[in-house]
Every structure is written in structure tokens, then in C-alpha cells.
2 protein chains.
Amino acid sequence: MKKDLTDRRMLRTRALLHEALISLILKKGYDGITIQDIIDKANVGRSTFYAHYTGKEDLLRSGFTHLRELLLEQQKQALAKRGDPKARSLGFSLAMFEHALEHRELYMALVGQRGGTVVMQQLRKVLAELVHDDIAATLKITTPDAKKREVIVEFVVGAFITLLTWWLDHKAKISPAEIDSIFRELVLHGITRSQDLPQK
Amino acid sequence: MKKDLTDRRMLRTRALLHEALISLILKKGYDGITIQDIIDKANVGRSTFYAHYTGKEDLLRSGFTHLRELLLEQQKQALAKRGDPKARSLGFSLAMFEHALEHRELYMALVGQRGGTVVMQQLRKVLAELVHDDIAATLKITTPDAKKREVIVEFVVGAFITLLTWWLDHKAKISPAEIDSIFRELVLHGITRSQDLPQK
DNA sequence: TTCAATAATGAACATCATGTCCTATAATGA
DNA sequence: TCATTATAGGACATGATGTTCATTATTGAA
């Protein structure tokens with residue numbers, strides 16, 4: 001196929017497929033969707049689908065370009081809106097939380113419980129236990145609010161898995177002690193003290 | 001089947017299946033593995049597999065109980081080893097980083113790049129851009145070390161996705177402004193100031 | 001309006017994974 | 001030794017995948 005990209009038929013087909021995908025994600029979650037579902041919902045021929053995308057993932061990926069532009073636009077507005085320089089650090093976050101609430105169903109289907117791998121779900125569970133006990137045993141965070149403790153545990157687990165993943169994916173050129181030091185500094189004191197992180 | 005749990009045949013079969021799974025994870029990653037692969041590798045009959053587990057996920061999940069016990073043991077030792085109370089906060093982390101380095105291949109296959117969903121990978125990419133620009137624009141972290149900036153971006157993205165996920169999964173009983181405030185406080189100043197988090 | 005280019009259709013097809021069922025065989029523990 | 005129970009392995013129905021091809025419909029440009 002020649003992929004004109006301005007041809008109305010192609011635009012129409014692609015739009016139909018994207019709409020079908022989102023509709024199906026809302027109904028049964030991304031993982032459960034089959035290509036058969038998509039082309040049925042979109043009323044598009046099987047061969048037509050493969051003429052545009054190599055598979056389910058390809059279709060999803062191409063859909064993210066829309067989200068990306070939307071978020072960039074929101075960030076631009078957020079940065080321009082407020083005057084206080086310090087208060088607007090990480091200004092993107094509130095906009096995104098609001099956006100998530102607005103499209104809650106879609107977000108839940110994508111990044112909610114079902115959004116993670118089995119592996120990740122299990123790992124998080126195991127780590128949450130560890131962190132919970134660890135924090136209770138060593139840090140004197142005397143919070144009667146159980147929900148607040150829960151958020152903190154989630155935060156620590158998320159940060160840990162994130163740094164672990166980053167470390168592993170980057171050939172682990174720094175030692176366990178170094179990445180551990182970075183992890184502890186960031187989790188305990190946040191990014192405002194990041195100049196204290198060990199060099200290299 | 002009666003599931004004796006002490007019958008040598010069952011123990012042997014289960015061990016074979018677990019070994020096959022790990023071996024295959026190392027070779028082609030969890031997602032690419034099929035049940036056919038597993039039973040071929042383990043030399044176990046198809047019906048036998050289904051007599052023990054309901055599917056691939058079930059087998060993997062049951063494997064995590066081993067890892068869990070291992071980590072709990074390590075944490076116990078870590079907590080008992082050192083004397084300084086403040087220094088041992090989050091003491092589990094170093095042990096786990098070391099453990100990850102030791103079993104690097106397995107960890108990479110499970111939590112590395114391939115460990116995440118397509119959705120998550122894309123979302124992280126989009127967010128990393130946002131965070132990078134945001135931090136550069138508002139925080140005056142004058143770090144010449146590009147790698148350090150990269151870690152910080154990863155940390156913020158991970159924390160954000162974690163809290164977003166938690167928030168969505170818990171019916172979002174708190175407002176966007178509240179969860180955003182929690183997010184910013186934790187990311188900017190860490191958990192040691194967590195008593196300053198907004199109530200409720 | 002005409003027409004060559006090209007996108008969409010839909011059916012057919014080979015391939016592969018899944019989960020279930022069954023009978024015969026082998027291993028086990030008492 | 002023997003009743004019990006797990007395993008082997010073949011057969012089967014089901015359903016998803018990705019490809020191919022001849023036909024039809026739509027499109028944009030002349």
C-alpha cells in the first residue's frame with residue numbers, strides 16, 4: 001500500500017480503529033482485546049487492519065501521540081498561568097491528576113490494577129510487605145492515619161522499583177551501594193537535596 | 001486430582017515446571033513463553049500441567065512464594081546486623097539491590113524494559129519528557145551530570161505513576177488537589193517530612 | 001466528468017496455542 | 001503386595017493470528 005496519509009479512506013479507517021480500541025479498552029481492558037474484536041467493532045476488514053498496523057500494540061502506540069500532544073499543551077498552559085516560580089515546580093502534576101479524574105475510566109483501564117504485569121503485581125505485593133515492616137521498625141513516623149501510611153508505602157515501593165529498573169536497564173555501571181545511596185537520599189529527602197547525591 | 005502435596009511425583013513435576021519457567025524466562029522473557037514451551041522444556045504431559053496449574057500466570061505466582069521467603073529472611077538479617085538505628089532505615093534496599101545484581105539476568109527479564117506493559121512504557125516515555133522539561137524550567141538543580149538528572153527524572157516519573165495508580169484504584173476519595181499536594185511533598189522533600197501531608 | 005490509482009472488502013487458508021477429555025501406564029505409600 | 005493416584009500422550013473443539021488474492025468501491029487529479 002502506498003500510504004498517502006491524506007487519503008480520506010485511510011484517515012477514516014484509522015479513526016475507526018482508534019475509536020474501536022478505546023471503546024474496547026473501556027469495556028474489557030487492553031489485555032483482553034483481540035484484533036478480531038477491534039475489526040468487528042470498527043467494521044473494518046481484516047486485511048485492511050494489517051495494511052495499517054502490524055498488530056494491537058502498533059495501534060495502541062500510535063494512539064499515544066494524541067495523548068502526548070494533549071499533555072504537552074496542558075503543561076504549556078500550566079507553566080504560563082501562575083506567577084510564583086517556586087510553587088509551579090512540577091506544575092504538570094495537578095493538571096494530569098485532574099485529567100485522570102476526568103477520564104477516570106480510561107486511566108483505570110490503562111494504569112490501574114489491570115495495567116501492570118503479573119510479575120509487577122506480585123513484586124509490588126512482596127515489596128509492600130517489606131517496606132511496611134521496615135518503615136514501622138525504623139522510622140518513627142507516628143501517623144495514626146492508616147491511609148497516609150499506605151500512600152507512603154506505595155511511594156517507597158514505586159520509587160524503589162523505578163530505580164531498580166533504571167539501574168538494571170543501564171548495565172548497572174554504578175555499584176549497589178551507590179544506587180542504594182541515591183535511592184535512600186531521594187526517598188528520605190526528595191529531589192531538593194539531590195545535589196548531595198554521590199558523584200558518578 | 002487429590003493433591004497430596006507430599007507425593008514425590010507431584011513435587012518432582014512441580015519442580016520441573018518451575019525450573020523450566022525460569023530457564024525460559026531467561027531465554028525469551030516472560031511474555032513470549034507459551035505453555036507448550038514450558039511442558040516441552042520440563043518434559044511433562046499437557047494434561048499433567050493443567051492438573052497442577054490453571055495456566056502460565058498461576059505457575060509464576062506460585063514461584064513468587066519462594067522469592068518472598070528469601071527476601072523476608074534477608075530483611076530479617078539486615079535489620080539485626082547493624083546497630084545504628086537511623087542508618088538502617090530502609091535497610092532492605094541495599095540487600096535487594098545486591099540480590100538483583102547477583103541474579104541480574106532474571107531480574108532484567110522480569111522488571112527490566114521488557115517487564116512493563118506497552119501502555120506503561122509509552123506512558124513513561126511521555127511523562128519523562130514532561131518531567132524533564134518541567135524540572136529544567138522550574139527547579140534550579142544545576143547538575144552538570146546528565147546521568148544524575150536522568151535518575152531524578154525517572155524517580156519523579158515512577159513516583160507519579162505510582163501515586164496516580166494508587167489514587168485511581170482507591171476510588172479517588174481524595175481530590176486531585178490533595179493527591180497532588182501529597183505527591184509534591186513526597187517528591188520534593190521525601191518521607192521524613194510526611195507529617196506535613198494534608199489530613200484525610 | 002472521466003479515469004487511472006489505490007484503498008477496502010471478505011473469504012480462504014495455514015499455523016499455532018489453548019483447555020478438556022480420555023484411556024492406558026507407571027509410580028507411590030501403606 | 002496392592003489399592004491409590006499421578007502421569008503420559010493422543011485426540012479434539014475452539015479461537016486467534018497473519019497472509020494472500022480477486023473483486024469492488026472510493027478517491028483525487030486531469
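Scroll up to find the structure.
Residue positions are given per chain, counting from 1 as you read along its sequence in written order. Just so you know, chain letters begin at A and ligand numbers begin at 1, following the order they were written in. Given that the model is predicted, a residue must reach a pLDDT of at least 70 before its local features are reported, and side-chain atom pairs must reach 80 or more before they are shown or counted; all residues, however, enter totals for whole chains, interfaces and linings. Calculation of side-chain values draws on the structure's entire complement of heavy atoms; hydrogens and water are dropped beforehand.

A. Looking closely at the overall build of chain A. Looking only at helices and strands, one finds nine helices and zero strands in chain A. Every helix listed is a DSSP run of H or I at least four residues long, and every strand listed is a run of E at least two residues long, numbered separately from the N terminus. Counted from the first residue to the last, chain A has its helices and strands arranged as α-α-α-α-α-α-α-α-α. Under the scheme applied here, a residue whose accessible area is under 20% of the maximum for its type counts as buried, over 50% as exposed, and between as partly exposed, the area being computed with a 1.4 Å probe on protein chains only. Evaluated residue by residue, chain A yields a buried proportion of 48% over its 200 residues. Contact between two residues is taken to exist if any of their heavy atoms lie within 4.5 Å; hydrogens are not considered. Within chain A, counting contacts between residues at least 6 apart in sequence, those at least 24 apart form 45% of the total. All accessible-area figures derive from a Shrake-Rupley calculation using a 1.4 Å probe, and residue coverage is judged against the displayed protein chains alone. Working note: accessible area of chain A is about 10300 Å², and carbon and sulfur atoms make up 53% of it.

B. Summary view of helix α9 (residues 176–189) of chain A. Residue and element names in this part refer to chain A. Given a rise of 1.5 Å per residue, 14 residues ought to cover 20 Å, and the 20 Å separating the end C-alpha atoms of α9 matches this to within 8%. Counting buried positions along α9 gives 10 out of 14 residues, so the element sits mostly inside the fold. Within α9, burial applies to P176, I179, D180, I182, F183, R184, E185, L186, V187 and L188. Count one or two residues on from α9 and you reach G190, which has phi positive near 80°. Residue count minus one, scaled by 1.5 Å, sets the expected span of a helix.

C. Expanded view of the relation of the copies chain B and chain A. When chain B is brought onto chain A, the operation consists of a screw motion whose angular component is 180° and whose axial shift is 0.0 Å, with 0.1 Å RMSD remaining. On this basis, the relationship between the two copies can be described by a two-fold rotation axis. Here 100% of the interface residues in chain B have copies in chain A that are interface residues too; the copies meet face to matching face. A residue counts toward the fit only if its pLDDT is at least 70 in both copies, and the copies are then superposed by least squares on the C-alpha atoms of those residues.

D. Layout of the interface of chain B and chain A. Contact residues are listed per partner, giving 96 residues for chain B and 96 residues for chain A. The contact between chain B and chain A buries some 9400 Å² in all, and 72% of this surface belongs to carbon and sulfur atoms. One speaks of a salt bridge when a side-chain nitrogen belonging to Lys or Arg is within 4 Å of a carboxyl oxygen belonging to Asp or Glu. Where chain B touches chain A, the interface holds zero salt bridges. For the side of chain B that touches chain A, the elements supplying multiple residues, two or more each, are α4 (56–81), α5 (92–102), α6 (104–111), α7 (118–138), α8 (146–169) and α9 (176–189) of chain B. Among the elements that take part in the side of chain B that touches chain A, α8 of chain B stands out by supplying 19 residues, more than any other. What counts as buried area is the accessible surface, traced by a 1.4 Å probe, that two parts surrender upon association, with contributions from both included.

E. Spatial organisation of the packing of aromatic side chains. Each Phe, Tyr or Trp ring (for Trp, its six-membered ring) is paired with any other whose centre lies within 6.5 Å, and the angle between the two planes then decides the class: stacked below 30 degrees, edge-to-face above 60, tilted in between. Under the defined criterion, the tally for this structure stands at 13 aromatic pairs over all chains. On the basis of an interplanar angle of 85° and a centroid distance of 5.4 Å, the ring pair of F49 of chain A and Y50 of chain A is categorised as edge-to-face. Taken together through their ring pairs, the aromatic side chains of F97 of chain A together with F160, W167 and F183 of chain B make up a single cluster. Sitting over the ring of Y30 of chain A, K56 of chain A keeps its end group 4.5 Å from the ring centre. Each ring is checked for a lysine NZ or an arginine CZ that lies within 6 Å of its centre and within 35 degrees of its normal; such an atom marks a charge sitting over the ring.

F. Molecular detail of helix α5 (residues 92–102) of chain A. The buried fraction of α5 of chain A is high, at eight of 11 residues. F92, S93, L94, A95, M96, F97, H99 and A100 of chain A are the residues of α5 of chain A that are buried.

G. Representation of the pattern of salt bridges. Residue and element names in this part refer to chain A. Counted by the stated rule, this structure contains six salt bridges over all chains. Close ionic contact of R61 with E57 constitutes a salt bridge, the shortest N to O distance being 3.5 Å. Placement of both R61 and E57 in helix α4 (residues 56–81) is noted, with a separation of four residues, approximately one turn of the helix. Owing to a relative accessible area of 33%, R61 belongs among the partly exposed residues under this scheme.

H. Fine view of the packing of α8 of chain B against α9 of chain B. Residue and element names in this part refer to chain B. The axes are straight lines fitted to the C-alpha atoms, using for helices just the contacting stretch, and the angles between their N-to-C directions are given from 0 to 180°. Between α8 and α9, the least distance of the axes is 10 Å, while the angle of their chain directions is 150°. Taken together, the axes of α8 and α9 are roughly antiparallel relative to one another. Of the two elements, α8 crosses α9, and the hand of that crossing is right-handed. Between α8 and α9, the contacting residues are F155, V156, A159, F160, L163, W166 and W167 on the first element and P176, I179, F183, L186 and V187 on the second. Note on residue categories: nonpolar means Ala, Val, Leu, Ile, Met, Phe, Trp, Tyr, Cys or Pro, charged means Asp, Glu, Lys or Arg, and polar means any other residue, Gly included. Residue composition of the contact of α8 with α9, by class: 12 nonpolar, no polar and no charged. These descriptions rest on fixed angle ranges, namely under 35 degrees for roughly parallel, over 145 for roughly antiparallel, 65 to 115 for roughly perpendicular, and the rest for oblique. The handedness criterion is simple: a crossing whose near helix is rotated anticlockwise from the far helix by less than a right angle is left-handed, and one whose near helix is rotated clockwise is right-handed.

Keep in mind these numbers describe shape, not what the thing actually does.
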